[in-house]
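So you can see what is in the structure, the chains are spelled out below.
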Amino acid sequence: MPDYDDLAARIRALTHGETDEVALMATLACEIHHSDDRFDWTGFYRVTEPGLLKIGPYQGGHGCLVIPFSRGVCGAAARTRQTQLVPDVDAFPGHIACASSTRSELVIPVIASGERLVGVLDIDSDQPDAFTQQDAGRLQEILDATFGHD
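Residues numbered from 1 in each chain as written. Predicted model: local features only at pLDDT ≥ 70, side-chain atom pairs only at ≥ 80, totals over all residues. Heavy atoms only, no water.

Caption draft 1: Local environment of the packing of aromatic side chains. All chains considered together, the criterion is met by four aromatic pairs. Aromatic pair W41 and Y58: ring centres 5.2 Å apart, planes at 20°, arrangement stacked. With a gap of 17 residues between them, W41 in strand 1 (residues 41-49) and Y58 in strand 2 (residues 52-59) connect regions that are remote in the sequence. By relative accessible area, W41 is classed as buried at 6%. Through pairs of rings, three or more aromatic residues link up here, namely W41, Y45 and Y58. (Phe/Tyr/Trp six-rings, centres within 6.5 Å; stacked < 30°, edge-to-face > 60°. Helix = DSSP H or I, 4+ residues; strand = E, 2+ residues; numbered from the N terminus. Buried < 20%, exposed > 50% of the residue type's maximum accessible area, 1.4 Å probe, protein only.)

The structure is reproduced here in structure tokens:
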């Protein structure tokens, strides 16, 4: 498990004063991805129009380019604005297999000030049941601090 205090401090230092959301996403994707071997693919899907996510900055192999809110784990997180912690992607109805190696997934909505949905942070693992509620909670804190959620 990453040292979340250290990760949060590094991200704060690297992103201090930055307001460009794509720059923030790129920095977080890199820092989070390299903080833990469980993280096989780490990236953002951005809300580009109502009901639609498009790939943003990421680390790892290719991801899906477009995900409607109506499909998959990322779509469910965007649609419900609720974190999706999926221990077995094969058991998730409507899972979109962007990579055949993905066994478990954690997707956290990214909410900016004014309750605006910016997108989702998607972390895939090639290990089953790789993520915990602690991962979800600590990463949510980092996202809220970075993207200015009220």
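Caption draft 2: Here's a closer look at the side chain of D135. By secondary structure assignment, the location of D135 is in helix 4 (residues 133-147). In contact with D135, not counting residues within four places along its chain, are M1, P2, Y4, R38, L106 and A130. (Contact = heavy atoms within 4.5 Å.)

Caption draft 3: Here's a closer look at the nonpolar core. Among the nonpolar cores identified, the biggest contains 25 residues, and L28, I32, F44, L139, I142, L143 and F147 are the most heavily contacted of them. Secondary-structure elements contributing two or more residues to this core are helix 1 (4-15), helix 2 (21-33), strand 5 (104-112), strand 6 (116-125) and helix 4. Sequence-distant contacts of L28, defined by excluding residues within four places in its chain, comprise I11, T15, H33, F44, I142, L143, T146 and F147. With 20 residues, the next largest nonpolar core counts I55, I67, V86 and V120 among its residues. (Core = buried A, V, L, I, M, F, W, Y, C linked by side-chain atoms within 4.5 Å.)

Caption draft 4: Seen up close, the UniProt feature "domain: GAF" (unreviewed entry) in the protein chain. Under the UniProt annotation, "domain: GAF" (unreviewed entry) lies at residues 41-142. The distance separating the terminal C-alpha atoms of residues 41-142 is 18 Å; by composition the span is 19% helix and 41% strand. (UniProt positions renumbered as here; feature names shortened; annotations may be inferred.)

Caption draft 5: The arrangement of the environment of E21 in detail. Turning to its location among the elements, E21 is positioned in helix 2. Separated by 126 residues in sequence, E21 and F147 have C-alpha atoms that sit 7.6 Å apart. Not counting residues within four places of it along the chain, the set of residues in contact with E21 comprises A112, R116, V118 and F147. Side chain to side chain, E21 and R116 meet in a polar contact 2.4 Å long. (Polar contact = N/O pair within 3.5 Å; in protein donor to acceptor, adjacent residues only side chain to side chain.)

Caption draft 6: Structural view of the sheet that holds strand 3 (residues 66-68). With respect to topology, six strands assemble into an open sheet ordered 3-2-1-6-5-4, the strand pairing being antiparallel. Looking at the sheet topology across the chains shown, the edges are occupied by strand 3 and strand 4 (84-86). Strand after strand, the sheet turns through a mean of 25° between neighbouring axes, direction not considered. Sheet topology note: the strand 1/strand 2 ladder contains six bridges and is antiparallel. Looking across to strand 2, one finds that V47 is bridged to L53. In the packing of helix 3 (residues 72-80) onto the sheet, the strands contacted are strand 1, strand 2, strand 3, strand 4, strand 5 and strand 6, and the crossing angle to strand 5 comes to about 30°. Set on the sheet, helix 4 makes contact with strand 1, strand 4, strand 5 and strand 6; between it and strand 5 the angle comes to about 25°. (Pairing = 2+ DSSP bridges. Axes fitted to C-alpha atoms, helices over the stretch in contact; angles between N-to-C directions.)

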